[in-house]
Amino acid sequence: MLKKFHRSFSLHGPKISLAQILEAREQRNLRMAKYLCRYRLPLLSLTINAVGEVKKNAMTDYLFEKSLEKLTALFQQLALIPTKCRIYTPASGQQALFILPTDAEALKKAVIMLEQESYLGRLWDIDVIAADGIPLSRQRLGFPPRSCLLCRDEAKICARSGRHSQAELNREMQRRTENYAFAEQIASLAIQALRREVRLTPKPGLVDQANNGAHRDMNLQSFERSATALFPFFIRFILIGIQTAARPESEILALLRPLGIRAEQAMLQASGGINTHKGAIFAFGLICAAIGRSHILSADKTLNIESLCHTAAGFCQGISLELSADPQPAQHKLSAGMLAYRRYGLRGARGEAERGFPLAQKALVQLGHLKRNPHTDQEHRLLIALLYIMAHNDDTNLVRRGGPDGLRFVRRQTATLLKQRPVYQDKAFLQQQLREFDRVCIQRNLSPGGSADLLALTIFFDSLMR
Ligand SMILES: CC(C)(COP(=O)(O)OP(=O)(O)OC[C@H]1O[C@@H](n2cnc3c(N)ncnc32)[C@H](O)[C@@H]1O)[C@@H](O)C(=O)NCCC(=O)NCCS
Ligand SMILES: Nc1ncnc2c1ncn2[C@@H]1O[C@H](COP(=O)(O)OP(=O)(O)OP(=O)(O)O)[C@@H](O)[C@H]1O
């Protein structure tokens, strides 16, 4: 299952002689001098740390593309519009030049942070040259020198002593690049799953293409924007799973949580302060990390969904204990999940995760059965899967909005619907029933958000299996 997401990057490319390397360096310096002289503003130069005689190949092309994406995002974050931008892609190595109307020191600090925080950052070289032509060094700004790609020593020392062979260094670059490309592919399926869930229509009480369900503060666009903002975080969850594969499962949740909290903040920023994907960040974060871990640990790389869920459950054994613990000092009040547990003994999102997402797993099996039913298409099947989840889920969103009566009502209604034969044979009939049910949910302010999250997870599982 995971093997098909592996993308390999060739290291082959035109060989560049020492004379050509020196000539290319000279050309890069001349270009920079020309732009500094013309604009009299700070300049940023991006190159790839290519080792050996080949400077341009499939791997460095990919690395260059990813670094440009990250830099563009950084400029956006800093509200920086480059005065000039030039991209060069000769066989002697790619270079991007940006003239930026900003403070050179602040820019250098921001790119150091970017290099340090990005999984691929060690493979890039981002230089900032002040308007007076003087390059800003890490040391001058109080940062430690860059460490070696392979060991903890200073990169310059290793390079000078030739401690590691070019082949070793290239293999490590290739390994990191391939891990990142793997994570990117999986994360893009995860985001697609979030999008497909919210677009699925008609859903009772939930935001969809027809209406905003029982919600007054969010709509389809809030979900779309929030999903886009989550993409880099899902990549990161997978990479954390990869990087921590050697550590015990019981240590992983604590390593994921700071990123989960940052993802929640990014969600709030993208949605305008609305909780669009809190439950999804939690569930997808765990599964993404489990995928990363399995990618490293599973020898045959043919892991199934059941074992991914088992791994995710292993990460959060004991998480339900949080429900009865005192809230963190930073929390002003008990969360909806904590209240639902104290009042009604429901374990909500934590309970589902701790048990390895049994409802999403069962809904996936249902989807499989329904695929053999000639009366259904995928949209029809997903609507049935949602009903199945709703009929069994202790959704704390429903309890918060409608109390235990609200939860009982939704579970009873969906169970009754699922007993009707036309639901499985006639999509128009099901849609009609769901529109009616949607009307009732809106009237009663009921929204099964937890079930929507589990449906998104089911869609994600289904796309991994295809
Ligand atoms: C544990 C979490 C879910 C906190 O939950 P909280 O106590 O606020 O629970 P609450 O009941 O409000 O649920 C949060 C969301 O879960 C979803 N949900 C509710 N019930 C269920 C259910 N039965 N099944 C699945 N999802 C559910 C809903 O979308 C809801 O909005 C989580 O938000 C958290 O710890 N966030 C911090 C960031 C983090 O660690 N993320 C995880 C990294 S992988
Ligand atoms: N299509 C959808 N429509 C509505 N909610 C969804 C949908 N898909 C997923 N959800 C989940 O439902 C949750 C939002 O539910 P809700 O708004 O009831 O909770 P809340 O934000 O905690 O409460 P409130 O809106 O009262 O502050 C999100 O965490 C989200 O993950």
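Refer to the structure printed above.
How each quantity is defined
- Residues numbered from 1 in each chain as written.
- Chains lettered and ligands numbered in written order.
- Predicted model: local features only at pLDDT ≥ 70, side-chain atom pairs only at ≥ 80, totals over all residues.
- Heavy atoms only, no water.
- 1 Å grid on protein atoms, 1.4 Å probe; cavity = no way out; pocket = protein on both sides within 12 Å on 5 of 7 lines; lining within 4 Å.
- Points joined across faces, edges and corners; volume = space filled by probe spheres on them.
- Helix = DSSP H or I, 4+ residues; strand = E, 2+ residues; numbered from the N terminus.
- Nonpolar A, V, L, I, M, F, W, Y, C, P; charged D, E, K, R; others polar.
- Core = buried A, V, L, I, M, F, W, Y, C linked by side-chain atoms within 4.5 Å.
- Buried < 20%, exposed > 50% of the residue type's maximum accessible area, 1.4 Å probe, protein only.
- Domains from an automatic or database assignment.

(A) The layout of surface pockets, seen in detail. The volume enclosed by the second largest pocket comes to roughly 1,600 Å³. Around the second largest pocket, the lining comprises 49 residues; the ones closest to its centre are N49, A50, R122, D125 and R146. Among the secondary structure elements, those contributing two or more residues to the lining of the second largest pocket are α1 (18–39), β1 (43–48), α3 (104–117), β4 (124–129), α4 (155–161) and α5 (166–199). No other element matches α1, which puts 8 residues into the lining of the second largest pocket. Looking at side-chain class alone, the lining of the second largest pocket contains 23 nonpolar, 14 polar and 12 charged residues.

(B) View of the nonpolar core. Ranked by size, the top nonpolar core spans 125 residues in total, and within it L44, F357 and F460 carry the most contacts. Ranked by the residues each element gives to this core, the list is headed by α5, at 13 residues. Residue contributions to this core reach at least three from each of two domains, namely domain 1 (9–142) and domain 2 (177–465). If you look at the next biggest cluster of nonpolar residues, it comprises 8 residues, including M32, L36, L43 and I99.

(C) The environment of A190, seen in detail. One can find A190 in helix α5. Between the C-alpha atom of A190 and that of P202, which follows or precedes it by 12 residues, the distance is 22 Å.

(D) Inspection of unusual backbone geometry at higher detail. Following T201, the chain continues to P202 via a peptide bond in cis, the omega torsion being 0 degrees. Inspection of the secondary structure assignment puts P202 in the loop between α5 and α6 (220–243). One non-glycine residue, F357, lies in positive phi territory at about 50 degrees. Examined against the element boundaries, F357 turns out to sit in the loop between α11 (348–354) and α12 (358–371). You can call F357 buried: its relative accessible area is 1%.

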